[in-house]
Structures are given as structure tokens and as C-alpha cells.
Amino acid sequence: MVWLWITLVIVGILAIVLFFMSVKIVKQYERGVVLRFGRLHSVREPGIRFIIPIVDVMTKVSLRIVTLPIQSQGIITKDNVTVGVSAVAYYRVADAVKSVIAIENVKAAIEQIAQTTLRRVVGQHHLDETLADTAALNANIREILDVTTLDWGVEVTLVELKDILLPDSMKRAMAKQAEAEREKRAKIIAAEGESLAAVQLGVASDTMMSHPLALQLRTLQTLVEVGVDKNTVVLFPAPLMASIGELTNFIDREAAVAQVRGH
């Protein structure tokens, strides 16, 4: 009788253990790939799922987007400049079965293929292209990765170059180049300003030649501006004094004519 109870207890414990081994919970963002006797049997959807213990083996595969940083590595560009390039890749599992059967470790495989692809793509471009056209490089890297990872059931959604480290000598050379470009633009702008000023001075000169009194008025205006300081001494040349007299006579004549017309 005792042995019977012991047997029942053992059977009960085994039944409970087997029950918990057979119950699997697949989360909403996962899929369960079931292998029965080592062969593909089915793909289980999210929820509570039951398998046959020992006979079935379930591998849960996450379908969420995974962020994969690509560490900085030294790359020689097409114009023989060594730069350190780091990037970040985003991928997700599109086919749960392929990601389990076709590849052993998806993350490690993506990381290695991303590093080699990054090295190859950057090495095919000049440094200026790498710095200025990162969008084209990102798209090119993603396209190459998609072709490779398609057989693994993985889709690379985005690749972005994160940082480009330049040698100190190259930084100094680029700084000198940028400074020279700024000086060139400054000189061109100054020359354009002088040219426009010369044109306007020519127009003003023609106007003053047509109206001699305009030159005298401009001279008087300049003297007023100079005389703002009370300690300023202004010397009037003789021709200027004669011109002032002529200007005064002109003003008097105009005033007399205006009075006559008023009457």
C-alpha cells in the first residue's frame, strides 16, 4: 500500500512537471518556431501554446526592431585617407523560420556583415564624398545588407553613419582650407563693394558736373558735419568763398523773383 502511494505521488509530480514543460507563453511581439524530432513542425502565434515535452522544441523569435551599434573602425578612403567611422543599424526579423533555421546567431551575423559592408562602401568613396553625402552612403549600405540578410529572414530597416573621426593633420589642413575660402569670399565681397561704390561715385560726379551748385552745397554740408566739434577750425579756400558769394547772390535773386510774382 505504501509503494502504491509513493508511485502515485511520483506520477503526479511527473505529470505536473510535464504539464509546465508543455505550456509555453508566446508574447505579442514574438513567434514560436516549433521543431518536432528536429524537423520544422509549425510556427505558433502569440498566446498560451502547448507542445509535446521532449518531443517538441520551441524557439521564440522577437519581431521587434533591434538597434545594433557598429563600433568605430579605421577605414582607408579612395583618396588614401584613414578615417574612423562608426555607425548604427536597425533591423528586424521578417521571417521567423529562416532566422532560426538559416542562421545560428542573427545578431552576431548582422554585426559582422555590417562592419565589412561599411568598410567596403566607405573605401569606394573619396573623403569629401564621405563627409558631404552620408545619405547616399547610408542607402547604399542598407541595400547591400538587405540583399545579404534576405536569406536569413532579416530586414535591415535603417543604417546611419554616426561619427567620422579624422586624423589631426587632416583636421588642420581642412581648417586652413576653410579659412582660405572665407578670406577669398571676403576679398570678393570687398571688391564687389568697391566696384559698386565706384559706379555710384561716377553717377554722382556726372550729376555734379551738370549742376555746379550741387558741388558747393555738398561742400557746405560736409563743412557742417565737420563743424560739429566746437574745437574744429575750418579754412575756406578763396575759390570756395567766391562760390559762396555766387550762391548767396543766386538765393537773393530767387527770393526777389518770388516776391515779384507774389505781388
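Residues take numbers from 1 onward in each chain, read along the sequence in its written order. Reporting in this predicted model follows two pLDDT cut-offs: at least 70 for local features of residues, and 80 or more for side-chain atom pairs to be given and counted; totals over whole chains, interfaces and linings ignore these cut-offs and use all residues. Side-chain descriptors were evaluated using all non-hydrogen atoms of the structure, hydrogens and water having been removed beforehand.

Break down unusual backbone geometry for me, citing the residues and quoting the values.
Of note in the backbone geometry, Phe 37 takes a positive phi value of approximately 55° without being a glycine. Numbering of helices and strands runs from the N terminus, with a helix taken as a DSSP run of H or I at least four residues long and a strand as a DSSP run of E at least two residues long. Tracing the backbone shows Phe 37 in the loop between β2 (30-36) and β3 (39-44). Backbone geometry at Ile 54 places phi at a positive 70°, although glycine is not the residue there. With respect to the element layout, Ile 54 can be found in the loop between β4 (47-50) and β5 (56-62).

Quick one: what's the story with helix α5 (residues 134-149), residue by residue and with numbers?
Taking 1.5 Å of rise per residue, 16 residues should cover 22 Å, and α5 covers 22 Å from first to last C-alpha, within 8% of that figure. Buried residues are those whose accessible area, probed at 1.4 Å on protein chains only, stays under 20% of the maximum for their type, while exposed residues exceed 50% and partly exposed ones sit between those limits. Residues of α5 that are buried include every one of Leu 137, Asn 138, Ile 141, Leu 145 and Thr 149, and no others. The arc enclosing the buried residues of α5, seen along the axis, measures out at 100°, which places them on a common side. Looking at α5, the residues exposed on the side facing more than 90 degrees away from the buried face are Ala 135 and Val 147. Whether two residues are in contact is decided by their heavy atoms, any of which lying within 4.5 Å being enough. Of the surrounding elements, those touching the buried residues of α5 are α3 (106-123), α4 (127-132) and β8 (154-165). Each residue after the first adds 1.5 Å to the expected span of a helix. It is the directions from the helix axis to the C-beta atoms that the arc portrays.

I'd like a description of the sheet that holds β5, backed by residues and values.
At least two DSSP bridges between two strands are needed for those strands to be called paired. Read across the sheet, 3 strands follow the order β3-β2-β5 without closing on themselves; strand pairing throughout is antiparallel. The open sheet terminates on both sides in strands that have one partner only, identified here as β3 and β5. In this sheet, adjacent strand axes meet at a mean angle of 25° when their direction is disregarded. Note: β2 against β3, 5 bridges, orientation antiparallel. Only the stretch in contact is used when a helix axis is fitted, and all axes are lines through C-alpha atoms; the angle between N-to-C directions ranges over 0 to 180 degrees.

Report on the UniProt feature "transmembrane region" (unreviewed entry) in the chain, specifying residues and quantitative values.
Mapped onto the present numbering, the UniProt feature "transmembrane region" (unreviewed entry) falls at residues 6-26. Measuring from the first to the last C-alpha atom of residues 6-26 gives 36 Å, for a span that is 81% helix and 19% strand. UniProt positions are given in the numbering used here, feature names are shortened, and annotations may be inferred rather than shown by experiment.

Before we move on, can you summarise the pairing of strand β6 (residues 66-76) with the specific residues and values?
When a strand is regular, its side chains alternate between the sheet's two faces. In this sheet, strand β7 (residues 82-93) lies alongside β6 in antiparallel orientation, the contact comprising 9 bridges. Bridging across to β7, Leu 68 finds its partner in Ala 89.

Explain the sheet that holds β7 to me, and be specific about the residues and the numbers.
Pairing is antiparallel across the open sheet formed by 3 strands, whose spatial order is β6-β7-β8. In this open sheet, the two edge strands, each paired with only one partner strand, are β6 and β8. On average, adjacent strands in this sheet sit at an angle of 25° to one another, irrespective of strand direction. Bridge count for β7 against β8 is 10 bridges, and the pairing is antiparallel. Counterpart to Ala 89 in the pairing with β8 is Val 159. Seen against the sheet, α3 touches β6, β7 and β8 and runs at an angle of roughly 35° to β6.

Can you break down the nonpolar core residue by residue, with the values?
Buried Ala, Val, Leu, Ile, Met, Phe, Trp, Tyr and Cys residues that are joined via side-chain atoms within 4.5 Å together make up what is termed a nonpolar core. In terms of nonpolar packing, the biggest core is built from 28 residues, with Val 83, Val 85, Tyr 91, Ile 110, Leu 118, Ile 141 and Leu 161 touching the most fellow members. For this core, the elements supplying multiple residues, two or more each, are β6, β7, α3, α5 and β8. With 7 residues, α3 is the largest single contributor of residues to this core. Setting aside residues up to four positions removed in sequence, Ile 110 forms contacts with Leu 68, Tyr 91, Thr 149, Trp 152 and Val 154.

Lay out a negative patch on the surface with the relevant residues and their values.
Patches draw on residues past 30% relative accessible area with no salt bridge. Two like charges within 9 Å are joined, as are two nonpolar side chains (Val, Leu, Ile, Met, Phe, Trp, Tyr) within 5 Å. Accessible surface area values rest on a Shrake-Rupley calculation with a 1.4 Å probe, where residue burial reflects the displayed protein chains alone. Each reported salt bridge corresponds to a side-chain nitrogen of Lys or Arg within 4 Å of a carboxyl oxygen of Asp or Glu. We score Asp and Glu as negative and Lys and Arg as positive, and we do not count His or the chain ends. Charge positions are represented by NZ for Lys, CZ for Arg, CG for Asp and CD for Glu. Together, Asp 79, Asp 128, Glu 129 and Asp 133 give the surface a local cluster of negative charge. Structurally, Glu 129 can be placed in helix α4.

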